[in-house]
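Observations on the model geometry
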Amino acid sequence: MIDIHCHILPNIDDGSSSMETSIEMARIALEDGIKFIIATPHYIEYEHEIPREAILKNCQELNQFLIQKGIELKILPGAEVFISPTIVESYKKGKIISLNDGRKYILIELPVAAYPEYTEDIIFEFKVMGITPIIAHIERYFYVKDDFELVFRLINKGALIQVNSTSVMGLFGKEVKNKSIDLIKHRLVHFIASDAHTTRGRVPKISEALEILRKERVDESYIDYILINSQKVVRGEEIEILDPIKKKVKWFYRLKRRF
Ligand SMILES: [Fe+2]
């Protein structure tokens, strides 16, 4: 398996706080069946602008430690880019790194509480450049309502959608867990990744979430599709978008929306 969203690099953001923690995180991931991790430290315009070179250097160092320790897992470079009106410009200037530095996919985080209206413009601008934005942990945003209308819209604009394995596992509460599973059942999710920050709680594990999905009767072929998509990101290959299943909104939700 490949984890495309993970804060495994040491001392670079709110993720791993030391090289020892990073190595332990790699051990946990390998035991779970993960062979490649795209390291995605937070990149926030004007606040936390980690230079591309620092990410590349940090990856290289961690990979060297993993080889020394005999841990057969490879760290690839990337970033989780917090949305801002200027990220396209910064990307063009070479300040922002794409996933696996492949100039094909970029991981974008949105604010939790309020939806930035310019999000779809950003998606469009990246698409014009041949880059597909992947929206990080969609299930965690309060404004993603039960009808998933916004998610349909983002996919229609050309974005792909990622859900956290830890959300499926229930780490962010029952509501987020149910929302994640529901999104997956409606084929609105293209990736499951750990978004791990440490060795306890938000850990780099994916397999447990897949087991939960199997119990929830998610098609094995859809689980395969999700897993293969992460490989395609690493290789910079095109991803086929399956038709989402339109959500039937219960009559009382429709009524609620009117008032
Ligand atoms: Fe993250």
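Quick note: structure is the one above.
Residues numbered from 1 in each chain as written. Predicted model: local features only at pLDDT ≥ 70, side-chain atom pairs only at ≥ 80, totals over all residues. Heavy atoms only, no water.

With respect to the coordination of the iron ion
The condition that has to hold: Only N, O and S atoms count as donors, using a 2.8 Å limit from the metal and a wider 3.2 Å limit for Na, K and Ca, and since water is excluded some coordination spheres may look unfilled. The helix count covers DSSP runs of H or I at least four residues long, the strand count covers runs of E at least two residues long, and both are numbered beginning at the N terminus. For the exposure calls, accessible area comes from a 1.4 Å probe over protein chains only, and a residue counts as buried if that area is under 20% of its type's maximum, exposed if over 50%, partly exposed in between.
Distances from the iron ion to its protein donors, H5 (NE2), H7 (NE2), E80 (OE) and D195 (OD), fall within 2.1 to 2.2 Å. One chain supplies every donor to the iron ion, and in sequence these donors are spaced H-x1-H-x72-E-x114-D. Taken as a pair, H7 in the loop between β1 (2-6) and α1 (19-32) and D195 in the loop between β9 (191-193) and α8 (207-215) lie far apart in primary sequence, 188 residues in all. Of the two residues, H7 and D195, both sit in the buried class.

Focus: the sheet that holds strand β8 (residues 160-164)
Stated formally: Only when DSSP finds a minimum of two bridges between them are two strands counted as paired. Two residues qualify as a contact provided that any one of their heavy atoms is within 4.5 Å of a heavy atom in the partner residue. Between the N-to-C directions of two axes lies an angle of 0 to 180 degrees, each axis being a line fitted to C-alpha atoms and, for a helix, fitted only over the stretch in contact.
A sheet is described by the order of its strands in space; here six strands give the open sequence β3-β5-β6-β7-β8-β9, paired in parallel fashion. The open sheet is flanked by β3 (42-43) and β9, the only strands paired with a single partner. Note: β3 against strand β5 (residues 80-82), two bridges, orientation parallel. Looking at β5, one finds that H42 is bridged to E80. Each of β6 (105-109) and β7 (132-135) touches helix α4 (residues 119-128); the most contacted strand, β7, lies at about 140 degrees to it.

Some thoughts on the nonpolar core
What counts here: Joining through side-chain atoms within 4.5 Å is the link that ties buried Ala, Val, Leu, Ile, Met, Phe, Trp, Tyr and Cys residues into a set, and such a set is a nonpolar core.
Grouped together as the largest cluster of nonpolar side chains are 85 residues, with contacts concentrated most on I75, I138 and I184. Apart from the residues lying within four places of it in its own chain, the contact partners of I184 are V163, V168, V189, I192, L213, V218, Y222 and I226.

Let's talk about helix α2 (residues 52-68)
This is how it is decided: The length a helix should cover is 1.5 Å for every residue beyond the first. What the arc describes is the spread of directions from the helix axis to the C-beta atoms.
Counted at 1.5 Å a residue, the expected span for α2 with its 17 residues is 24 Å, and the 25 Å between its end C-alpha atoms agrees. Among the residues making up α2, those that are buried are R52, I55, N58, C59, L62, N63 and L66. Along the long axis of α2, the arc covered by the buried residues comes to 135 degrees, so they all point the same way. In this structure, α2 carries E53, K57, Q60, I67 and Q68 as exposed residues pointing more than 90 degrees from its buried face. Tucked into the core, α2 has its buried residues touching α1, β2 (36-39) and β4 (74-76). Within two residues after α2, G70 carries a phi angle of roughly 70 degrees, on the positive side.

A few points about the sheet that holds β1
Whenever strands of a sheet pair, they do so through backbone hydrogen bonds, lying parallel or antiparallel. Taken in spatial order, the three strands make up an open sheet running β1-β2-β4, and their pairing is parallel. Edge positions in the sheet fall to β1 and β4, since each has one partner strand and no second. With strand direction ignored, the average angle separating the axes of adjacent strands in the sheet is 25 degrees. Relative to β4, β2 is paired through three bridges, and the arrangement is parallel.

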